[in-house]
Amino acid sequence: MSFQGYSEDARSFFMALRFNNNREFFQDNREWYLRDVRTPSLALAEALAKGIEAIDPEIDARPHRALSRINRDTRFSRDKSPYRDHVWISFRRPSEDKGKTPGFYAEIEAEGVFFGMGFYAANRPLMNALRRQMRAAPEEIRAIWEALAGEFALHGETYKRLAVPEEVPEILRPWYACKSFYLEKALPFSHAKSAHLAEEIGAGFERLAPLYQYVISCKPGEEDTQ
């Protein structure tokens, strides 16, 4: 199964589900979802898997494990809409707490494609270890970030009152205050309609690989759990 791109019908499905987010609509249009969303998404995950395994053999790159479910778990959410109006592909090492584990992802929605690397839940020990490295040897991570800064945007929840030491370079200061972070690149939906999307995302993952390797090499010590 080779990835050939998403059709305009995939975008139409996301938009239709956004305005008809109920079980009756989804059941009536399940084949639409399977044909134009799930099938190409599995193909995209499969196309990306080999590159991901080359970056980190410990990452679970199985397509059916990487692809998100369309239905939402609403038990602990204020938003009770039963379905997502997008899909994502997420590659990370097996972990009970996936949100705190660094990994690679790609999200496809009506507005476009968003892909990158990072983790979205606060991981204080890991970020403390990263901050320690920024203080001790800032030039290494600075060089990695400078190679990415023109292409990927930094996102993440930050501490409002965390003091940043003077030895941390200006370009690293936004990172230093992060509770978690992810780097993301946005593409218009027109890119999703091309078979070259897999190559585009795969090349982006390769460029992010040095930062990923740097982050997972930061092993939290006892002082980082405080």
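Use the structure listed above.
Because the structure is predicted, anything quoted here is derived from the model rather than measured.

J.: Describe the overall build of the protein chain, and please don't skip the residues or the numbers.
T.: Check the secondary structure of the protein chain and you find nine helices and five strands. In the protein chain, the order of α-helices and β-strands from amino to carboxyl end is α-α-α-α-β-β-β-α-α-β-α-β-α-α. Here the protein chain has a C-alpha radius of gyration of 19 Å; the compact-globule value for 226 residues is 17 Å, and the two agree. The C-alpha extent of the protein chain, read off along each of the three principal axes, is 60 × 40 × 30 Å. Taken over 226 residues, the protein chain has a buried fraction of 46%. Sequence separation of 24 or more characterises 68% of the internal contacts of the protein chain that already satisfy a separation of 6 or more. Of the accessible surface of the protein chain, which amounts to about 12000 Å², a share of 49% is contributed by carbon and sulfur atoms. In the protein chain, 32 positive and 34 negative side-chain charges are present, and the distance between their average locations comes to 5 Å.

J.: Residue-level account of the side chain of Ser90, with values.
T.: You can see Ser90 is positioned in strand β1 (residues 86-92). A polar atom in the side chain of Ser90 sits 3.3 Å from the side chain of Arg92. Not counting residues up to four positions away in its chain, the partners in contact with Ser90 are Ala66, Phe104 and Tyr105.

J.: How would you explain the sheet that holds strand β4 (residues 153-155) if you had to name every residue and give the values?
T.: An order of β1-β2-β3-β5-β4 is seen for the five strands of this open sheet, with the pairing classed as antiparallel. Of all the strands in the sheet, the pair left with one neighbour each is β1 and β4. Pairwise comparison of adjacent strand axes, ignoring direction, gives a mean angle of 25° for this sheet. When strand β2 (residues 103-109) meets strand β3 (residues 112-119), the two strands line up antiparallel, connected through seven bridges. Looking across to β3, one finds that Gly103 is bridged to Gly118.

J.: Requested: an account of the environment of Pro63, with residues and values cited.
T.: Mapped onto the elements of the fold, Pro63 is located in helix α4 (residues 63-66). Linking Pro63 and Leu44, residues 19 residues apart in sequence, is a C-alpha distance of 8.3 Å.

J.: Go over the pairing of β1, please, and point to the residues and values.
T.: The element β1 is extensively covered by neighbouring structure, given that six of its seven residues are classed as buried. The pairing of β1 with β2 spans seven bridges and is antiparallel. By the bridge assignment for β2, Arg92 is matched with Gly103.

J.: Mind laying out the pattern of salt bridges, listing which residues take part and the relevant values?
T.: Applying the stated criterion to the full structure yields 15 salt bridges. The closest approach of N and O atoms between Asp85 and Arg18, which form a salt bridge, is 2.8 Å. Pair noted here: Asp85 is in the loop between α4 and β1 and Arg18 is in helix α1 (residues 8-19), with a separation of 67 residues, a long-range link. For Arg18, a relative accessible area of 29% puts it in the partly exposed group. Several salt bridges converge on common partners, so that one network encompasses Glu8, Arg11 and Lys193.

J.: An account of the pairing of β2 is requested, with residue identities and associated values reported.
T.: The element β2 is largely enclosed, with a buried count of six among its seven residues. Hairpin connection, β2 to β3: the antiparallel pair is bridged by two residues.

J.: Account for the nonpolar core, naming residues and giving values.
T.: Formed by 69 residues in total, the largest nonpolar core has its most connected members in Leu44, Phe91, Phe181 and Phe205. If we ignore the near neighbours within four places in the chain, the residues touching Phe181 are Met117, Gly118, Phe119, Met127, Leu130, Leu154, His155, Gly156, Trp175, Leu211 and Val215.

J.: Can you explain the packing of α1 against helix α3 (residues 30-55)? Please cite residues and give values.
T.: For the pair α1 and α3, interaxial distance at closest approach is 8 Å and the crossing angle is 130°. In terms of axis orientation, α1 runs oblique to α3. Remark: the crossing between α1 and α3 carries left-handed chirality. Touching Asp9, Ala10, Ser12, Phe13, Phe14 and Ala16 of α1 are Trp32, Tyr33, Asp36 and Val37, all from α3. Partitioning the contact of α1 with α3 into residue classes produces seven nonpolar, one polar and two charged.

J.: Break down helix α5 (residues 124-136) for me, with residues and values.
T.: For α5, spanning 13 residues, the distance from its first C-alpha to its last is 18 Å, which sits close to the expected 18 Å at 1.5 Å a residue. Its side-chain oxygen 3.1 Å from the backbone nitrogen of Leu126, Asn123 forms the N-cap of α5.

Reading the values: rules and limits
- Residues numbered from 1 in each chain as written.
- Predicted model: local features only at pLDDT ≥ 70, side-chain atom pairs only at ≥ 80, totals over all residues.
- Heavy atoms only, no water.
- Helix = DSSP H or I, 4+ residues; strand = E, 2+ residues; numbered from the N terminus.
- Rg over C-alpha atoms; globule rule 2.2 N^0.38 Å.
- Buried < 20%, exposed > 50% of the residue type's maximum accessible area, 1.4 Å probe, protein only.
- Contact = heavy atoms within 4.5 Å.
- Areas by Shrake-Rupley, 256 points an atom, 1.4 Å probe, with all protein chains shown as cover.
- Lys, Arg positive; Asp, Glu negative; His and termini not counted.
- Charge placed at Lys NZ, Arg CZ, Asp CG, Glu CD.
- Polar contact = N/O pair within 3.5 Å; in protein donor to acceptor, adjacent residues only side chain to side chain.
- Pairing = 2+ DSSP bridges.
- Axes fitted to C-alpha atoms, helices over the stretch in contact; angles between N-to-C directions.
- Salt bridge = Lys/Arg side-chain N within 4 Å of Asp/Glu carboxyl O.
- Core = buried A, V, L, I, M, F, W, Y, C linked by side-chain atoms within 4.5 Å.
- Parallel < 35°, antiparallel > 145°, perpendicular 65-115°, else oblique.
- Left-handed = near helix turned anticlockwise from the far one by under 90°.
- Nonpolar A, V, L, I, M, F, W, Y, C, P; charged D, E, K, R; others polar.
- Expected span 1.5 Å × (residues − 1).

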